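# A structural walkthrough
Next come the chains, spelled out residue by residue.
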Amino acid sequence: MADLVQMIGKTFARLTVTDKAPLYVDGSGRKRLKYRCSCVCGNSLEVLGENLRSGHTTSCGCQQDDNRRKRAKDATGLRFGRLTVTGEAGKYVSPGGKMLRMVAILCDCGNESTATLNSLKCGFAASCGCYRTELAIAAVKHGDARKAKPTREYKTWVNMIGRCENPNVERYPSYGGRGISICKEWRESFEAFLRDMGRKPSPEHSIDRKDVNGNYEPGNCRWATAEVQANNKRNSRAA
């Protein structure tokens, strides 16, 4: 009750806590506090308390919509991973003849370059290349690299964290933006993630949550093919 009293009326970015929501029980049976929130746009939603406090959930999704609208007009100032758009850079014609919008970008490390806005939106470019270097070094440190390159499992772990915790990642609204999080043990230890998940059975397998509304945690995750994942999504919608 004390926690509820302290949270009522508090504002977190675009969200204001209005009431307590039913407890969320994760795959391991742990109960976690959820709150009803009102967004500045007028929408209401339920959010895990830990996601409000950590800043993982900052709106009902309207913030990402605002970014998309701004991106269509003027992308200057938008951030994608470590990259900040500093201005327009003309057009680029792809090998297939498609006209793509180019923007000038500044990396957090100080390097300047250009990229297509589409590649930034899709998450194909998140740094000038410095992130890949750091990722390789980190993978070697973790002992999970082959020929000084991160393994598929390590990349899965890094990408999982990105879409749950980084609002600049294009897929964030479907994951962290709606309250999907990673259990503490996996978040803090790649070794624990690999121990529980094991190696990918094949390059065609990727991580899949059995309960698409549940979190990344033991008991709710598996390696699955695209076909299995598609059926899982259809079953979820039917339910």
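For the structure itself, consult the block above.
### Overview of the pattern of salt bridges
Evaluation of the coordinates by the stated rule reveals twelve salt bridges. A salt bridge links Arg 199 to Glu 153, with the nearest nitrogen and oxygen atoms 3.0 Å apart. In this pair, Arg 199 is assigned in the loop between α8 (190-197) and β11 (206-209) and Glu 153 in helix α6 (residues 152-165), connecting sequence segments 46 residues apart. Assessed through its relative accessible area of 37%, Arg 199 is described here as partly exposed. The buried category is assigned to Glu 153, whose relative accessible area is 3%. Notably, a salt bridge pairs Asp 208 with Arg 222, separated by 2.9 Å at the nearest N-O pair. Of this pair, Asp 208 sits in strand β11 while Arg 222 sits in strand β12 (residues 221-224), placing them 14 residues apart in sequence. By relative accessible area, Asp 208 is classed as buried at 6%. One connected set of salt bridges, linked through shared partners, spans Asp 26, Arg 30, Arg 32 and Glu 50.

### Re α8
Because each turn of an α-helix spans 3.6 residues, side chains separated by three or four positions in sequence point in the same direction. Looking at α8, one finds that the buried residues are Phe 190, Ala 192, Phe 193, Leu 194 and Met 197. Immediately downstream of α8, the backbone of Gly 198 shows phi near 75°, a positive value.

### Focus: unusual backbone geometry
With a phi angle near 55°, Ala 13 is a residue other than glycine that sits in the positive phi range. In this fold, Ala 13 is placed in the loop between β1 (11-12) and β2 (15-25).

### Some details on the nonpolar core
Ranked by size, the top nonpolar core spans 20 residues in total, and within it Trp 157, Trp 186, Phe 193, Ile 207 and Tyr 216 carry the most contacts. Looking at this core, the elements that each hand over two or more residues are α6, α8 and β12. Core analysis: the second largest hydrophobic core is formed by 13 residues, Leu 78, Ile 105, Ala 115 and Cys 130 among them.

Here is what the cut-offs are and how they apply
- Just so you know, the residues in each chain are numbered from 1, in the order the chain's sequence is written.
- Totals for whole chains, interfaces and linings use every residue, but because this is a predicted model, local features are given only for residues with pLDDT of at least 70 and side-chain atom pairs only at 80 or more, for both listing and counting.
- Each side-chain value is worked out from all heavy atoms of the structure, with water and hydrogens disregarded.
- Put simply, a salt bridge is a Lys or Arg side-chain nitrogen that is within 4 Å of an Asp or Glu carboxyl oxygen.
- In DSSP terms, a helix is any run of H or I states spanning at least four residues, a strand is any run of E spanning at least two, and both are numbered starting from the N terminus.
- Three labels apply to residues, based on accessible area from a 1.4 Å probe with only protein chains included: buried if under 20% of the type maximum, exposed if over 50%, partly exposed otherwise in between.
- Among the buried residues, those of types Ala, Val, Leu, Ile, Met, Phe, Trp, Tyr and Cys that are joined through side-chain atoms within 4.5 Å form a nonpolar core.

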